[in-house]
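Spelled out from the first residue to the last, the chains are:
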Amino acid sequence: MPKPRTARSTSIAGLLTATSLVLALSGCATYDVTAPADARADAPPAAAVKEKDARLAADTDGKNGAGKNRAGKDGPARGGGGAGPEVDCRKAKCVALTFDAGPSENTDRLLDILKKEQVHATFFMLGKNHVDKRPAEVKRIDAEGHELANHTWSHQILTEIAPAEAKRELSRLQDAVHRITGKTPRLMRPPQGRTDGEISRISKELGLAQVLWSVTAKDYQTNDSALITKRVLEQTERDGIILLHDIYQGTVPAVPGILKELKKRGYTVVTVSQLLSPAKPEPGMVYRP
């Protein structure tokens with residue numbers, strides 16, 4: 001059975017991050033897990049990050065900004081952690097806001113709310129009947145500084161299908177988002193949070209880090225916006241990752257109240273990549289608060 005290797009101890013987390021390959025121990029596939037705070041603690045010094053970024057910039061075409069993305073394809077840089085002011089979550093009391101399974105008919109209303117509140121979120125999008133049917137919403141998500149992320153093409157449970165099919169579920173969404181926005185997601189959320197060593201290997205190959213969550217309103221069970229709000233606020237702690245769905249009717253109406261109370265409690269609401277910064281999402285790694 002698959003077993004996670006937790007990289008929570010700062011004394012070994014860097015080593016685990018550096019060796020986030022699929023291993024076989026006692027016949028069980030293993031994969032690496034780390035928390036946002038540990039990822040930040042193990043980030044390289046700022047000077048090293050700047051040097052790496054400079055090298056990447058030197059590899060791009062100065063005329064049009066195109067270069068090789070992490071999957072080895074020609075194209076613009078990958079989607080990042082959203083626009084807006086710089087946030088240092090080593091100092092600020094941060095929480096990441098994420099939405100799964102869209103875009104949907106509710107997404108434009110959600111984007112209006114986020115714009116009004118000056119908040120950026122990470123959107124783990126589905127392909128079939130979502131990205132492929134709503135390219136305008138995908139473009140708007142990107143244009144307004146939110147983070148583009150992958151929730152597979154058709155929401156199959158990746159651990160229950162053949163590796164080749166799991167790879168297609170992820171790569172097909174990658175390609176669709178790239179066609180629409182010119183950017184390729186670097187984060188993915190496995191359906192139902194179910195992953196293993198093989199999915200980690202595939203994710204690493206595709207340049208995708210895996211993102212789980214610590215807060216769920218179970219908004220797939222209810223359209224009661226007040227209950228959704230209550231559940232989120234009861235579970236939220238610093239460095240948490242909130243999971244909501246912009247496909248359900250009760251969720252978007254709950255967002256203004258959630259944001260208002262989180263700000264009142266001193267939280268800074270960020271994207272997943274902002275939560276991890278100055279660390280960069282590590283392909284194949286599982287991030288779990």
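Higher on the page you've got the structure.
Being a predicted model, the structure only gives us computed values, none of them experimental.

*Asks:* How do you make sense of the packing of aromatic side chains when you look at a structure like this?
*Replies:* Centre distance and the angle of the planes are the two values used to describe a pair of aromatic rings. By the definition in use, this model includes 1 aromatic pair. Seen from their ring centres, Phe-99 and Phe-123 are 5.5 Å apart, and the 25 degrees between their planes marks the pair as stacked. Linking Phe-99 in strand S6 (residues 94–100) with Phe-123 in strand S7 (residues 122–125), this pair joins segments that are 24 residues apart in sequence. For the residue pair Phe-99 and Phe-123, the accessibility class agrees, reading buried in each case. When the ring centre of Phe-124 is taken as reference, the NZ or CZ atom of Arg-189 above it lies at 4.3 Å.

*Asks:* Would you take a moment to explain the pairing of strand S12 (residues 241–245) for this structure?
*Replies:* Side chains on a regular strand alternate between the two faces of the sheet. Of all 5 residues that make up S12, 5 are buried, and the element is covered over most of its length. Burial along S12 is two-sided: the face carrying Ile-241, Leu-243 and His-245 and the face carrying Ile-242 and Leu-244 are both buried. With 5 bridges joining them, S6 and S12 adopt parallel strand pairing. Looking at S12, one finds that Phe-99 is bridged to Leu-244. Pairing between strand S11 (residues 215–216) and S12: 2 bridges, direction parallel. Considered in S12, the bridge of Thr-216 is made with Leu-243. Viewed along the sheet, the connection from S11 through helix H9 (residues 225–235) into S12 turns out right-handed.

*Asks:* Teacher, can you tell me more about unusual backbone geometry here?
*Replies:* With an omega dihedral of 0 degrees, the bond running from Gly-102 to Pro-103 counts as a cis peptide bond. Counting through the fold element by element, Pro-103 comes out in the loop between S6 and helix H4 (107–117). Residue Ser-277 is joined to Pro-278 through a cis peptide bond whose omega torsion reads 15 degrees. Within the element layout of this structure, Pro-278 appears in the loop between helix H11 (272–276) and strand S14 (286–287). Within the chain, Ala-101 stands out as a residue other than glycine whose phi angle is a positive 80 degrees. Here Ala-101 is to be found in the loop between S6 and H4. The phi angle at His-155 is positive, at roughly 65 degrees, despite the residue not being glycine. Here His-155 lies in the loop between strand S8 (147–150) and helix H7 (163–181). His-155 gets classed as partly exposed once you look at its relative accessible area, which sits at 33%.

Conventions used here
- Residues numbered from 1 in each chain as written.
- Predicted model: local features only at pLDDT ≥ 70, side-chain atom pairs only at ≥ 80, totals over all residues.
- Heavy atoms only, no water.
- Phe/Tyr/Trp six-rings, centres within 6.5 Å; stacked < 30°, edge-to-face > 60°.
- Helix = DSSP H or I, 4+ residues; strand = E, 2+ residues; numbered from the N terminus.
- Buried < 20%, exposed > 50% of the residue type's maximum accessible area, 1.4 Å probe, protein only.
- Lys NZ or Arg CZ within 6 Å of the ring centre and 35° of its normal.
- Pairing = 2+ DSSP bridges.
- Right-handed = clockwise from strand over helix to strand, strands pointing away.

Scope: geometric values only; no functional claims are made or implied.
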